[in-house]
Amino acid sequence: METVLTRDEAIARPERAARRKIEARVKSIRPLAEDVSAFEFVSADGSALPPFIAGSHIDVHLPGGMIRQYSLCNPSTERHHYVVAVLRDAAGRGGSIAMHDALHAGQIVTISAPRNHFQLSADAAQHVFIAGGIGITPIMAMIDEVQRRGEAFHLFYCARTPQRTAFLDVLQPLIDAGDASVHFDGGDPRNGLDLSRTLAQCAPGTHLYYCGPSGLMDAIETASAHWPDGTRHCERFSAAGTRVNTPEDHAARRPDTPFEVELRRSQRTFTVQPGESIVDVLRGHGVEVDTSCCEGYCGTCMTRYLEGEPLHRDTVLDAEDREEFVMICCARSKSPTLVLDI
Ligand code: FES
């Protein structure tokens, strides 16, 4: 039976789930394209996995203590497995190399329950997706969802060469039907999709979703800056650039000042000095906190706050989420005290 999460559940469940770890078995690893493989996880004890909504990602705990986030690309109606597609990035931080070189079928690994910071709009008239390379992974699940809803969409898929492009075979029917177009640039973005022209017009009710390398993400953000608030959605798997576009961006980059962090449930209060993060201070006092990227883009450290005004510095939470949650690896506080639900 299909499990549908409400928006509140989707936010609340992943927050609780963020600390929920699952023993999983690597059921299969299969090549999708040059340097890209699909990894299929099932629960180690054979039970159904927690439900997820399209756009979700999981943490994978890798040998050597690394934790990395990978988007689920399989349909969100499936409960028997999670599938992620990973590009082996020789110039990366080592997570994708460990996935490709250290994991094998049958291996038991720890993963997290899915979290979602990249949701489909429930009331869009149509959806525009832009995927860059391996950024196609969450979008595969999202396209499956909009197809099931019977909603209008178009996918622009930007890649280097056909050999390095995952899911081309799966997407071919959409390409043939005019619902998807693939843009190969041969490694030179100047030969790729003309973003300014593609994003110049924004028909009423259109929502934009994008995921890919940070250069492409920044270019899309700039080319769609005139789109209405709340119509642009993205998932970053590296820290954002240092562009400063809005008053909030300027505020986020103000020099650090000290503030108090109060843990309401455990009734403890600590001072966070300039140069320290909330996570640093909590760990320094023996409080256990889960983190992964420590740069505000993975969502692992998402925490509910009860009072105070955070100075958000993440690239995960949207305006609505920021009224309730804060990423404590990078956020500071505008108010003298920030009260956390810990
Ligand atoms: S640890 Fe990644 S957002 Fe905080």
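Shown above is the structure to which this text applies.
Scope of this entry: the structure provided in the associated data block. Residue positions within a chain follow its written sequence, with the count starting from 1. Given that this is a predicted model, residues contribute local features only at a pLDDT of at least 70 and side-chain atom pairs are listed and counted only at 80 or more, while totals for whole chains, interfaces and linings are drawn from all residues. Derived side-chain values reflect all non-hydrogen atoms in the structure, with water molecules and hydrogen atoms excluded from consideration.

Digging into the packing of aromatic side chains
Only Phe, Tyr and Trp rings take part, Trp by its six-membered ring, and two of them pair if their centres are within 6.5 Å. Stacked means planes under 30 degrees apart, edge-to-face means over 60, and tilted covers everything else. One pass over the full model with this rule turns up 4 aromatic pairs. Between Phe-129 and Phe-153, the aromatic rings sit 6.4 Å apart at their centres with planes inclined by 65 degrees, giving edge-to-face as the arrangement. Remark: Phe-153 occurs in strand S8 (residues 152–159) and Phe-129 occurs in strand S7 (residues 126–132); sequence separation between them is 24 residues. Look at Phe-129 and you get buried, because its relative accessible area is 0%. Ring centres 5.0 Å apart and planes at 25 degrees place the aromatic pair Phe-129 and Tyr-209 in the stacked group. What counts as a helix is a DSSP run of H or I of at least four residues, what counts as a strand is a run of E of at least two, and both are numbered from the N terminus. Burial classes follow relative accessibility: with a 1.4 Å probe on protein chains only, a residue under 20% of its type's maximum area counts as buried, one over 50% as exposed, and anything between as partly exposed.

Comments concerning the environment of Pro-336
Note that Pro-336 resides in the loop between strand S17 (332–333) and strand S18 (337–340). The exposed category is assigned to Pro-336, whose relative accessible area is 66%.

Considerations on the layout of surface pockets
Any residue with an atom within 4 Å of a point lines the site, the site being either a cavity, points on a 1 Å grid over the protein atoms alone where a 1.4 Å probe fits but cannot get out, or a pocket, an open set with protein on both sides within 12 Å along at least 5 of 7 lines. Grid points are joined across faces, edges and corners, and a volume is the space filled by probe spheres set on the points. In this structure, the second largest pocket spans a volume of roughly 1,400 Å³. Forming the boundary of the second largest pocket are 50 residues, of which Leu-87, Gly-132, Ile-134, Gly-212 and Pro-213 lie nearest the centre. Counting residues per element, the ones that place at least two in the lining of the second largest pocket are strand S4 (67–71), strand S5 (82–87), helix H2 (95–102), S8 and helix H6 (214–223). Among the elements that line the lining of the second largest pocket, the one with the most residues is H6, at 5 residues. Throughout the structure description, domain borders are defined by an automatic or database domain assignment. In this structure, the lining of the second largest pocket is formed jointly by two domains, domain 1 (7–112) and domain 2 (126–235), each of which donates at least three residues.

Let's talk about the sheet that holds S8
Strands in a sheet are paired, the pairing made by backbone hydrogen bonds, and the direction either parallel or antiparallel. In this analysis, strands are considered paired if DSSP registers two or more bridges between them. The parallel open sheet is built from 5 strands, whose spatial order is S9-S8-S7-S10-S11. Whereas interior strands pair on both sides, the edge strands pair on one side only; in this sheet they are strand S9 (180–184) and strand S11 (232–235). Across the sheet, the mean angle from the axis of one strand to that of its neighbour is 15 degrees, orientation sign disregarded. Here strand S10 (residues 206–211) runs beside S11; their pairing, made up of 4 bridges, is parallel. By the bridge assignment, Tyr-209 is partnered in S11 with His-233. Here helix H3 (residues 136–149) sits on the sheet in contact with S7, S8 and S10, set at roughly 160 degrees to S7. By definition in these notes, contact holds between two residues if any of their heavy atoms fall within 4.5 Å. For helices, the fitted line uses only the C-alpha atoms of the stretch in contact; every axis is such a line through C-alpha atoms, and the angle between N-to-C directions lies from 0 to 180 degrees. The strands that H6 touches are S7, S10 and S11; relative to S10, the one it contacts most, it runs at about 160 degrees.

Concerning the pattern of salt bridges
Salt bridges are identified by distance alone: a Lys or Arg side-chain nitrogen within 4 Å of an Asp or Glu carboxyl oxygen. With the rule as written, the count across this model stands at 21 salt bridges. The partner of Asp-256 in a salt bridge is Arg-313, and the shortest N-O contact between them spans 3.0 Å. With a gap of 57 residues between them, Asp-256 in the loop between helix H7 (247–252) and strand S12 (259–263) and Arg-313 in the loop between strand S15 (310–311) and helix H9 (319–322) connect regions that are remote in the sequence. Owing to a relative accessible area of 29%, Asp-256 belongs among the partly exposed residues under this scheme. Residue Arg-264 pairs with Glu-307 through a salt bridge whose shortest N-O separation is 3.2 Å. Taken together, the positions of Arg-264 in the loop between S12 and strand S13 (268–272) and Glu-307 in strand S14 (residues 302–307) put the pair 43 residues apart, joining distant regions of the chain. Overall, the relative accessible area of 31% leaves Arg-264 in the partly exposed class.

Here's the deal with the packing of H3 against helix H4 (residues 168–177)
Interaxial distance between H3 and H4 falls to 12 Å at its minimum, and their mutual angle equals 45 degrees. On the basis of the axis angle, H3 is oblique to H4. Like other packed secondary-structure pairs, H3 and H4 cross with a definite hand, here left-handed. Of the residues in H4, those in contact with Ile-136, Met-140, Ile-143 and Gln-147 of H3 are Val-170, Leu-171 and Leu-174. Residues are grouped as follows: nonpolar covers Ala, Val, Leu, Ile, Met, Phe, Trp, Tyr, Cys and Pro; charged covers Asp, Glu, Lys and Arg; every other residue, Gly included, is treated as polar. Along the lines of polarity and charge, the residues of the contact of H3 with H4 split into 6 nonpolar, 1 polar and no charged. Angular relationships are summarised with four words: roughly parallel below 35 degrees, roughly antiparallel beyond 145, roughly perpendicular across 65 to 115, and oblique for the angles in between. Crossing handedness is read from the near helix: turned anticlockwise from the far helix by less than a right angle, it gives a left-handed crossing, and turned clockwise, a right-handed one.

Some remarks on H6
Residue pairs three or four apart in sequence face the same way in an α-helix, which turns once every 3.6 residues. Regarding H6, the residues found buried are Leu-216, Met-217, Asp-218, Ile-220 and Ala-223. Among the structural elements, S7, helix H5 (195–198), S10 and S11 are those in contact with the buried residues of H6.

Some points on the sheet that holds S13
Ordered by their spatial adjacency, 5 strands build an open sheet running S13-S12-S18-S14-S16, and the pairing between neighbours is mixed. Of all strands in the sheet, those with a lone pairing partner are S13 and strand S16 (325–327), marking the two edges. When the angles between neighbouring strand axes are averaged without regard to direction, this sheet yields 40 degrees. The sheet contact formed by S14 and S16 spans 3 bridges and is antiparallel. Bridged to Met-302 within S16 is Met-327.

So yeah, pure geometry; function would need other evidence.
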